[in-house]
Amino acid sequence: MNILTQEQTEIQKAAKDFTAQHIIPKAAEYDKSGAFHAFLLEAAKPSKIFGMAIPKSFGGLEYSPLTQALVLEEWGYGCCGMATTLAASILSMESVMLAGTDAQKKQFYTPMLNGKIGAFGLTEPSAGSDVGGGKTTAVKTAEGYTIHGSKCWITNGGIAEVFIIFAQTDPKAGVKGISAFIMERGTPGFTVGQEEDKLGLRSSNTVFLGLHDVKIPASALLGKEGDGMKIAMQTLDLARPAIGALAVGLAQRALDECVAHMHERFPGKPFPGQALQFKLADMRIQIEAARQVLHHMMALREAGKPFSEESAMSKTYATDVAMNVAATAMRLMGSAGYTSNVGKLMRDAKVMQIYEGTNQIQRLVVARAVLARPKVIAPKDAAPTEKAMAK
Ligand SMILES: Cc1cc2nc3c(=O)[nH]c(=O)nc-3n(C[C@H](O)[C@H](O)[C@H](O)COP(=O)(O)OP(=O)(O)OC[C@H]3O[C@@H](n4cnc5c(N)ncnc54)[C@H](O)[C@@H]3O)c2cc1C
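Residues numbered from 1 in each chain as written. Predicted model: local features only at pLDDT ≥ 70, side-chain atom pairs only at ≥ 80, totals over all residues. Heavy atoms only, no water.

Participant: How should I be thinking about the packing of aromatic side chains in this particular structure?
Facilitator: The geometry of an aromatic ring pair is captured by two quantities: the separation of the ring centres and the angle between the planes. Under the definition given, this model contains seven aromatic pairs. A centroid spacing of 6.0 Å and a plane angle of 75° characterise the contact between Phe50 and Trp75, whose relative ring orientation is edge-to-face. You can see Phe50 sitting in the loop between helix H2 (38-44) and helix H3 (65-78) and its partner Trp75 sitting in helix H3, a full 25 residues away along the chain. The exposure class of Trp75 is buried, given its relative accessible area of 1%. (Phe/Tyr/Trp six-rings, centres within 6.5 Å; stacked < 30°, edge-to-face > 60°. Helix = DSSP H or I, 4+ residues; strand = E, 2+ residues; numbered from the N terminus. Buried < 20%, exposed > 50% of the residue type's maximum accessible area, 1.4 Å probe, protein only.)

Put into structure tokens, the structure is as follows:
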């Protein structure tokens, strides 16, 4: 049963066509060179797809969360390096959506609607999973703030026009002293370091950012001083399912590559053995389960219900499935797998278990939610007494 609306089906088809025309033919070339896929921003510009999360009142497409997931799955099917550029740009926007004034929204969204992208700068050499360990500071001045420090592994960092940067306005207050700021490319003191030479997502731009006494106006502060941790966590809750969507697309691609190989390898013959067929079935089951967890999470979000735990579950499950399905596809394809596009899929899948919060950290989020629930089975119900059993 197709539960998508007519409009969603059309958007999904348009994303599939765009992927087939622009992403798939170039993915291997850009993976090999590691160069940034600038052509993609030009190709995507007429559709305003980089503004798919932006409200219509600001000139965007205002796609629902589920519709965004459909587009991201298609892009992920084509190339997760290229799709990460879109997902990370949306990630940066989510902070402004959550906490920005109308003037800040206009400032941040306008470049996105004109073929430019954004970046989200949270991680530092001393602060990855432990977000509170950041050393970047924002000192209040008469004109605004002076930011000093650095950020690392920032997706889109070398290309983006607008940035969300997190910094300590009150270092003694720990996570309660973190604040979020909008920063524009070209602000004096803002430097882009060398690009990372990565195992996967090779055409996605990942860089170190230097912040050497960068002076920004007071109007660059998002929300209030000290709101940064809350903004970062809520932004990641909103954005993690996007990684789940890319992962579902990647896993589907791995299965499709594997099946295409099987047809070529055993033309006109029955597939050898149930063991192999069961593997294909398991891959299909896992992919569909990951897709449905993602769509359920998006439905919760659209209904205005809490979704933090489901967001963590969706990202963790989908990215683990992507890694597992890509590895299984390679195993089933033998040397043909090792020398095919499935190698790229495996390399791309690996980082998805790490970025936007590692899957271990997501498991902590889920475990905390599980343990916080009231007990549903009282011990006396779980283990009937001897007297009760004798009756
Ligand atoms: C390609 C790429 C793109 C990225 N893009 C961005 C971006 O755009 N913006 C941004 O801000 N960051 C970005 N990052 C950074 C990424 O989000 C962090 O690397 C990630 O959150 C993990 O932090 P870390 O590398 O410091 O690992 P660490 O925090 O040092 O963790 C190392 C290991 O220890 C485990 N661990 C740590 N703490 C715990 C704990 N309490 N319990 C159990 N296990 C634990 C982790 O799960 C991991 O396995 C990117 C990274 C990469 C590789």
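Participant: What exactly am I supposed to notice about the environment of His37 here?
Facilitator: Position of His37 relative to the elements: it lies in the loop between helix H1 (6-33) and H2. Residues His37 and Gln68 lie 31 residues apart in sequence; the distance between their C-alpha atoms is 21 Å. What His37 contacts, discounting residues up to four positions off in sequence, is Tyr30, Gly81, Met82, Thr85, Ser203 and Ser204. A polar contact is formed between the side chain of His37 and the side chain of Ser203, at a distance of 2.8 Å. (Contact = heavy atoms within 4.5 Å. Polar contact = N/O pair within 3.5 Å; in protein donor to acceptor, adjacent residues only side chain to side chain.)

Participant: Just to check I follow, could you spell out the pairing of strand S4 (residues 162-168) for this structure?
Facilitator: Taken across its seven residues, S4 has seven buried, putting it largely inside the fold. Neither face of S4 is open: one carries Val162, Ile164, Phe166 and Gln168, the other Phe163, Ile165 and Ala167, and all of them are buried. With four bridges joining them, strand S1 (residues 118-121) and S4 adopt parallel strand pairing. What sits directly across from Gly118, in S4, is Val162. (Pairing = 2+ DSSP bridges.)

Participant: Mind showing me how you'd approach helix H5 (residues 102-112) here?
Facilitator: Because an α-helix completes one turn every 3.6 residues, residues spaced three or four positions apart along the sequence face the same direction. Buried within H5 are the following residues: Gln104, Lys105, Phe108, Tyr109, Pro111 and Met112. Down the axis of H5, the sector holding all buried residues measures 160°, keeping them to one side. Pointing more than 90 degrees away from the buried face of H5 are the exposed residues Asp102, Ala103 and Lys106. Its buried side turned inward, H5 meets helix H4 (80-99), S1, S4, strand S5 (178-184) and strand S8 (221-222). (Arc of directions from axis to C-beta.)

Participant: Looking at this model, I keep getting lost on the site of the ligand. Mind explaining?
Facilitator: If you check the shell around the ligand, you find 18 residues, and the closest are Phe120, Thr123, Ser129, Thr155 and Thr358. One of the side-chain nitrogen or oxygen atoms of Thr155 is found 2.8 Å away from a nitrogen atom of the ligand. In the complex, the protein chains occlude 65% of the 980 Å² of accessible area that the ligand would expose alone. Those elements that provide at least two residues to the shell around the ligand are strand S3 (144-155) and helix H11 (359-372). Across the shell around the ligand, the residue classes break down as nine nonpolar, seven polar and two charged. Each of domain 2 (118-227) and domain 3 (229-372) contributes no fewer than three residues to the shell around the ligand. (Near = heavy atom within 4 Å. Areas by Shrake-Rupley, 256 points an atom, 1.4 Å probe, with all protein chains shown as cover. Nonpolar A, V, L, I, M, F, W, Y, C, P; charged D, E, K, R; others polar. Domains from an automatic or database assignment.)

Participant: Where do I start with unusual backbone geometry in this structure?
Facilitator: Leaving glycine out, the prevailing phi sign among residues is negative, and the prevailing peptide bond configuration is trans. Residues other than glycine seldom take positive phi values, yet Glu62 does so here, at roughly 50°. Judged by relative accessible area, Glu62 falls into the partly exposed class, the value being 44%. For Asn156, which is not glycine, the phi torsion reads 70° and is therefore positive. Looking at the element boundaries, Asn156 is found in the loop between S3 and S4. Looking at Asn156, the relative accessible area reads 0%, which means it is buried.

Participant: For this particular structure, what's the right way to read the side chain of Thr19?
Facilitator: For Thr19, the location among the structural elements is in helix H1. Here Thr19 falls in the buried class, since its relative accessible area comes to 1%. In terms of polar contacts, Thr19 uses its side chain to reach the backbone carbonyl oxygen of Glu74, at 3.3 Å.

Participant: Would you mind showing me how to read the domain arrangement of the protein here?
Facilitator: Buried accessible area, meaning the area lost when the parts come together, often serves as the stated size of an interface. What the domain assignment reports for the protein is domain 1 (6-112), domain 2 (118-227) and domain 3 (229-372). Taken together, the contact pairs 14 residues of domain 2 with 13 residues of domain 3. The junction of domain 2 with domain 3 conceals about 1200 Å² of combined surface from both sides, 74% of it contributed by carbon and sulfur atoms. Of all residues in domain 2, Leu199, Leu201 and Asp227 bury the most surface against domain 3, accounting for 41% of the area lost on that side. (Buried area = accessible area lost by both parts, 1.4 Å probe.)

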